[in-house]
Amino acid sequence: CPTKPTGTIGKLAVDFKPVDIEVIEEEIQDLQPGGEFYPNCTTSHDVAIIIPYRNREDQLKAFLRHLHPVLKRQNIHYRIFVVNQVGENKFNRAMLMNVGYAEAMKVFNWTCLVFHDVDLLPEDDRGMYNCDQAPVHLSAYIDKFKYKIPYKKIFGGVSVLKTWQMKKINGFANQFWGWGGEDDDLFMRVSKAGLKITRYPKEICRYKMFKHEHEASNAKNKNRKKYLKKSSLKNSKLDGLNNLRYNLDGVISNYLYTNITVRLEPVPVLNAAKKTRRH
């Protein structure tokens, strides 16, 4: 494939209007089961798109309708994984990212990982959904924040890591239940590993956010600031991929995406003297 895709069109209209899934399936052609796509040229980009999810059906429909065409025009091999948390526990975005990584790697040896909130849609298709040498903060400029970076150390929304980088930082923290904190913890893990985050130019990496309220199951995590200050750096090697536990309800390869349904329970941070790799 060409180094620079020839089919991108630049600025895009963003439509959050929900559409029936059958309509989207008719619109999006040439997918393999599980929401997987291979371009008609040889590509070196094998990309898993991982979406933490719970009860946002309208947003998911708008996301799939908008993002599939963007990804196809970029000439990458990709598959979309929606990690659906069920059960009574509060939403744990970061642990769902770890689950998505673990399950995606069972399907294919992906070399690039895009961790993507379902309520963010790109306004331009020239912001590449592939991996650079450094981790990429793809959604740095969001309409909610007037297209300004809220603070220097933010690394949430749409975050891109190479697979070896994900392993090096031990994935995401599993301790953040409810909204907030896990993206700042991720920045700290990346920095501790000696990696520097890249952001692309604003004109090609603008995003719109779906307007919504935080659900009770995703209420603000009141302990996030305390954990970030006292425990994040200390626990980065003791909590993440190596202590990940989850109950897998099922994996279904729909036409537009792979649905991974899981139940999450709190997991203890490993004892530093007994650190092991476990799934």
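Structure first, text after, so check above.
Let me begin by describing the structure that accompanies this report. All figures in this text were calculated on a predicted structure; none of them were measured in a lab.

### Thoughts on the layout of surface pockets
Argument step 1. Estimated volume of the second largest pocket: approximately 200 Å³.
Argument step 2. Every residue along the wall of the second largest pocket is listed here: Ala13, Val14, Asp15, Lys17, Glu27, Ile28, Ala62, Arg65, His66, Pro69, Val70 and Arg73.
Argument step 3. Counting residues per element, the lining of the second largest pocket draws most heavily on helix 2 (residues 57-73), at six residues.

### Here we look at the state of the cysteines
Argument step 1. By the definition in use, this model includes two disulfides.
Argument step 2. Here cysteine 112 pairs with cysteine 131 through a disulfide, and the sulfurs are 2.2 Å apart. Given an S-S torsion of about 90°, the disulfide between cysteine 112 and cysteine 131 has right-handed geometry. Pair noted here: cysteine 112 is in strand 4 (residues 112-116) and cysteine 131 is in the loop between strand 5 (120-122) and strand 6 (136-137), with a separation of 19 residues, a long-range link.
Argument step 3. Residue classification places cysteine 112 among the buried residues on the basis of a relative accessible area of 2%.
Argument step 4. Regarding the disulfides, the protein chain carries the connectivity 1-2, 3-4 under sequence-order numbering of its bonded cysteines.
Argument step 5. Here cysteine 205 is not disulfide-linked; the sulfur of cysteine 112 is the nearest cysteine sulfur, at 13 Å.
Argument step 6. Residue cysteine 205 is classed as buried on the basis of its relative accessible area, which comes to 1%.

### Thoughts on the nonpolar core
Argument step 1. Of all hydrophobic cores here, the largest spans 45 residues; its most connected members are Ile49, Phe63, Leu71, Tyr78, Ile80, Tyr129 and Leu138.
Argument step 2. Listing elements by their share of this core, those giving two or more residues are strand 2 (46-53), helix 2, strand 3 (77-86), strand 4, strand 5, strand 7 (141-142), strand 8 (158-162) and strand 9 (206-209).
Argument step 3. With seven residues, helix 2 is the single largest residue contributor to this core.
Argument step 4. Apart from residues no more than four positions distant in its own chain, tyrosine 78 is found in contact with Leu31, Gly35, Glu36, Phe37, Val47, His68, Leu71, Lys72 and Trp110.
Argument step 5. If you look at the next biggest cluster of nonpolar residues, it comprises 35 residues, including Tyr101, Met166, Ala193 and Leu244.

What counts and what doesn't
- Residues numbered from 1 in each chain as written.
- Predicted model: local features only at pLDDT ≥ 70, side-chain atom pairs only at ≥ 80, totals over all residues.
- Heavy atoms only, no water.
- 1 Å grid on protein atoms, 1.4 Å probe; cavity = no way out; pocket = protein on both sides within 12 Å on 5 of 7 lines; lining within 4 Å.
- Points joined across faces, edges and corners; volume = space filled by probe spheres on them.
- Helix = DSSP H or I, 4+ residues; strand = E, 2+ residues; numbered from the N terminus.
- Disulfide = S-S within 2.5 Å.
- Buried < 20%, exposed > 50% of the residue type's maximum accessible area, 1.4 Å probe, protein only.
- Core = buried A, V, L, I, M, F, W, Y, C linked by side-chain atoms within 4.5 Å.
- Contact = heavy atoms within 4.5 Å.

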